[in-house]
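# Observations on chain architecture
Read off the chains here:
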Amino acid sequence: MRLVHCVKLNQELAGLGFTPYPGELGKRIFETVSAEAWQQWLAHQTMLINENRLSPLDPKARTYLREQMEAFLFGGGAEQPVGFVAPE
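Residues numbered from 1 in each chain as written. Predicted model: local features only at pLDDT ≥ 70, side-chain atom pairs only at ≥ 80, totals over all residues. Heavy atoms only, no water.

Quick look at the packing of aromatic side chains now. Enumeration over the complete set of coordinates arrives at one aromatic pair. When the centroid spacing of 5.6 Å and the interplanar angle of 50 degrees are considered together, the rings of W41 and F72 count as tilted. With a gap of 31 residues between them, W41 in helix 2 (residues 35–51) and F72 in helix 3 (residues 59–74) connect regions that are remote in the sequence. Judged on exposure class, the residue W41 and its partner F72 are both buried. Directly above the ring of F30 sits R2, whose terminal nitrogen or CZ lies 3.8 Å from the centroid. The positively charged end of R28 is found above the aromatic ring belonging to F74, 3.7 Å away from the centroid. (Phe/Tyr/Trp six-rings, centres within 6.5 Å; stacked < 30°, edge-to-face > 60°. Helix = DSSP H or I, 4+ residues; strand = E, 2+ residues; numbered from the N terminus. Buried < 20%, exposed > 50% of the residue type's maximum accessible area, 1.4 Å probe, protein only. Lys NZ or Arg CZ within 6 Å of the ring centre and 35° of its normal.)

For helix 1 (residues 23–32), the complete set of buried residues consists of L25, G26 and I29. Looking straight down helix 1, one finds that the buried residues subtend no more than 100 degrees of arc, so they occupy a single side. (Arc of directions from axis to C-beta.)

This part covers the layout of surface pockets. The computed volume of the largest pocket comes to approximately 170 Å³. The leading source of residues in the lining of the largest pocket is helix 2, at five residues. Taken together, the residues of the lining of the largest pocket sort by class into nine nonpolar, one polar and two charged. (1 Å grid on protein atoms, 1.4 Å probe; cavity = no way out; pocket = protein on both sides within 12 Å on 5 of 7 lines; lining within 4 Å. Points joined across faces, edges and corners; volume = space filled by probe spheres on them. Nonpolar A, V, L, I, M, F, W, Y, C, P; charged D, E, K, R; others polar.)

And the structure:
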């Protein structure tokens with residue numbers, strides 16, 4: 001098992017077994033994001049797609065999702081869908 005210091009969760013955790021995104025961004029994710037944080041992103045991405053009715057085939061939606069992925073994994077966090085209420 002490969003360990004990484006996860007930039008999202010700030011812990012040494014199991015890394016991904018594959019590069020999850022093409023190009024330099026995918027390499028950066030592979031090297032610095034844990035499998036756990038990646039799973040959190042996938043769940044958040046699914047919520048964004050469903051709640052905002054995005055089509056992954058739409059280039060604008062893909063650009064938006066890439067921006068949100070970078071914010072979620074490396075920045076202060078991604079947007080929440082309109083009307084989102086966090087569970088208590």
